[in-house]
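Listed below are the residues making up each chain.
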Amino acid sequence: MRIKVLQRDLSAHLPQKRGDATPIQRNLNPLAHPFARARERVRAVNAAKMERIFAKPFVTQLEGHQDNVEVLARRPDKLNVIASASADGEIIVHDLPQRTHLLRIPGAHKNAITGLTFADTDRVLSCGIDKFVRLWDVAEVDQLQQESAMIIDDEEYGAMRIGASTNKAKRKQESLAEFLRSTIDHHYSDSMFATGSNCVQLWDVNKSAPVSNITFGSATETVKAIRFNASETSVLASVGTDRSFTLYDIRTGKAERRIIMQMQANALSWSPIFPTTMLLASEDHNLYTYDIRSLNAPSQIYKGHVAAVTSCDWSPTGTEFVSGGWDRTVQMWKEGVGRGSEVYHSKRMQRVLCTLFTLDARFVLSGSDDGSVRVWKAKSSDKLGVLDTREKAALEYRESLKARWRADREVSKVLRSHHVPKPVHKAAKIKRTMLDARNVKEERRRKHTRAGDEKPKAERKKAVIVEQQ
């Protein structure tokens, strides 16, 4: 008599190694799963809700300043070193992971510091309203960072961290200028930097006098911010108090193009991915991106702040950027998406004066009126620390579900929901009422006056008044 016995390989039904999930046999025939789409939608809604539940963007606060934090700068070759300067003339170099001070320079300037940038890995440039441009040697930061990482762990002495927080850097060089300096930026490859005041001045790091002055023929502005282009390094851009945005070419020593906008811009930033894209933070509560090949209108308007936008900075990936404003909020934006930004805020944070992305694009720093530098997550629901393989797979699956069901009404509603402070919410409501009244007035004017024969002007066309060459 023959007996047929079913034989199964035991390894196909048991985990490969300890800690793995038990394998499950699934029938992939779609006819066997008539409710698969409905289940997937429920999972997408739950994934969106979980993102909002775990949205805790605040990481830590870096203390040390006694006055407004005016400017922030990141070291070009290190992920964990940033410098900050305050209105009382103090410069602090921070170690982000250890949350300590690597260097502290009290009295770097007599008054407020308005510009700060790394000249290279070992030197920092600063300028202030005391008319001085100063070059600081911070080469000992690497040594201090190694010392701060040394931990003596012993049963008798316990754990002790060695650090240096009050070391003073050596002042290598200083230059006295005719006008007060409001901004500074260093060239990406040459030993050259630019400062902004009543005109744009180019300096050599090894000299104590400006190499050349650049200005537009009819310009009367005070330059508020200045930035070199990372790709075309001879191109320089600035914004001024006369509502101007100007492009310079340092090879010819001339201002090439200039536009006058409806309201003045407070900050600017070049896109790291698209070299012709410029981001401007404006006094009219909006942010604008311009393509410098066509400056007659902005390519995109970003609306979300309810007060003047004072700072902006692109992510190193070029897909998002951060802004800070007078409304005491930090907002995260997706490139090309004009609304629906992430709003970061805290109870004690005052008006935000400067914002900065870290080089790994995972964190955002903000400096405010209350003298603190705050660290935020670039993505508010990200989990800090080490993730195992199963956690990574689950997160990737949730992200794919949200992307696939983003057009669903319930999923999009959850993703759009953001909590904002009560004063910001009230200000936004008042602003919407004012804008609606302005639109009604404009519509009635077109209907009942001779001027109504003119076609309504697009919002983007209103941003630029005139372009000059």
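Here, every reference points to the structure presented above.
Everything numeric in this text was worked out from a predicted model, so none of it was measured. (Residues numbered from 1 in each chain as written. Predicted model: local features only at pLDDT ≥ 70, side-chain atom pairs only at ≥ 80, totals over all residues. Heavy atoms only, no water.)

(A) View of a nonpolar patch on the surface. A grouping of Met-1, Ile-3 and Val-5 is seen on the molecular surface, where their side chains present a nonpolar patch of about 450 Å² in accessible area. Along the chain, Val-5 turns up in the segment before α1 (36-53). (Patch = residues over 30% accessible without salt bridge, like charges linked within 9 Å, V, L, I, M, F, W, Y side chains within 5 Å. Areas by Shrake-Rupley, 256 points an atom, 1.4 Å probe, with all protein chains shown as cover. Salt bridge = Lys/Arg side-chain N within 4 Å of Asp/Glu carboxyl O. Helix = DSSP H or I, 4+ residues; strand = E, 2+ residues; numbered from the N terminus.)

(B) Spotlight on the pairing of strand β6 (residues 113-118). Of all six residues that make up β6, five are buried, and the element is covered over most of its length. Counting the residues between successive antiparallel strands, the hairpin from β6 to strand β7 (residues 123-128) contains four residues. (Buried < 20%, exposed > 50% of the residue type's maximum accessible area, 1.4 Å probe, protein only. Pairing = 2+ DSSP bridges.)

(C) Spatial organisation of helix α4 (residues 409-416). Of the residues making up α4, those classed as buried are Val-411, Ser-412, Val-414 and Leu-415. Buried residues of α4, viewed axially, fall in a sector of 160°; they line one side. The exposed residues of α4 that point more than 90 degrees off its buried face are Arg-409, Lys-413 and Arg-416. Buried residues belonging to α4 abut α1 and α3 (389-404). (Arc of directions from axis to C-beta. Contact = heavy atoms within 4.5 Å.)

(D) Seen up close, the side chain of Gln-201. Tracing the chain through its elements places Gln-201 in strand β14 (residues 200-204). Overall, Gln-201 belongs to the buried group, its relative accessible area being 8%. Of note is the side chain of Gln-201, whose polar atom sits 3.2 Å from the side chain of Asn-213. (Polar contact = N/O pair within 3.5 Å; in protein donor to acceptor, adjacent residues only side chain to side chain.)

(E) Looking closely at the packing of α1 against α3. One can describe the packing of α1 onto α3 by two numbers: an axis separation of 9 Å at closest approach and a directional angle of 110°. Viewed along their axes, α1 and α3 adopt a mutual orientation that is roughly perpendicular. Each of Glu-40, Arg-43, Ala-44, Ala-47, Ala-48, Met-50 and Glu-51 in α1 lies in contact with α3, whose residues at this interface are Tyr-397, Arg-398, Leu-401, Lys-402 and Arg-404. Tallied by class, residues from the contact of α1 with α3 come to six nonpolar, no polar and six charged. (Axes fitted to C-alpha atoms, helices over the stretch in contact; angles between N-to-C directions. Parallel < 35°, antiparallel > 145°, perpendicular 65-115°, else oblique. Nonpolar A, V, L, I, M, F, W, Y, C, P; charged D, E, K, R; others polar.)

(F) Fine view of the nonpolar core. Core analysis: the biggest nonpolar cluster contains 20 residues, and Phe-245, Leu-247, Leu-268, Leu-280 and Tyr-290 have the highest contact counts within it. Elements with a contribution of two residues or more to this core: β17 (235-240), β18 (244-249), β19 (254-261), β20 (265-270), β21 (277-282) and β22 (286-291). Setting aside residues no more than four positions away along its own chain, Phe-245 makes contact with Ala-237, Ser-238, Val-239, Arg-257, Arg-258, Ile-259, Met-261, Leu-268, Met-278, Leu-280 and Leu-295. Counting 17 residues, the second largest nonpolar core, distinct from the first, contains Ala-83, Ala-108, Trp-136 and Val-138. (Core = buried A, V, L, I, M, F, W, Y, C linked by side-chain atoms within 4.5 Å.)

(G) Quick peek at the pairing of strand β26 (residues 330-334). Of all five residues that make up β26, four are buried, and the element is covered over most of its length. When strand β25 (residues 320-325) meets β26, the two strands line up antiparallel, connected through five bridges. When the bridges of β26 are listed, Glu-320 appears paired with Lys-334. The antiparallel hairpin formed by β25 and β26 contains four residues in its connecting segment, where Arg-328 sits at a positive phi of about 65°. Bridge count for β26 against strand β27 (residues 342-344) is three bridges, and the pairing is antiparallel. Within β27, the residue paired with Val-330 across the bridge is Tyr-344.

Remember that the coordinates give geometry; whether it matters functionally is a separate question.
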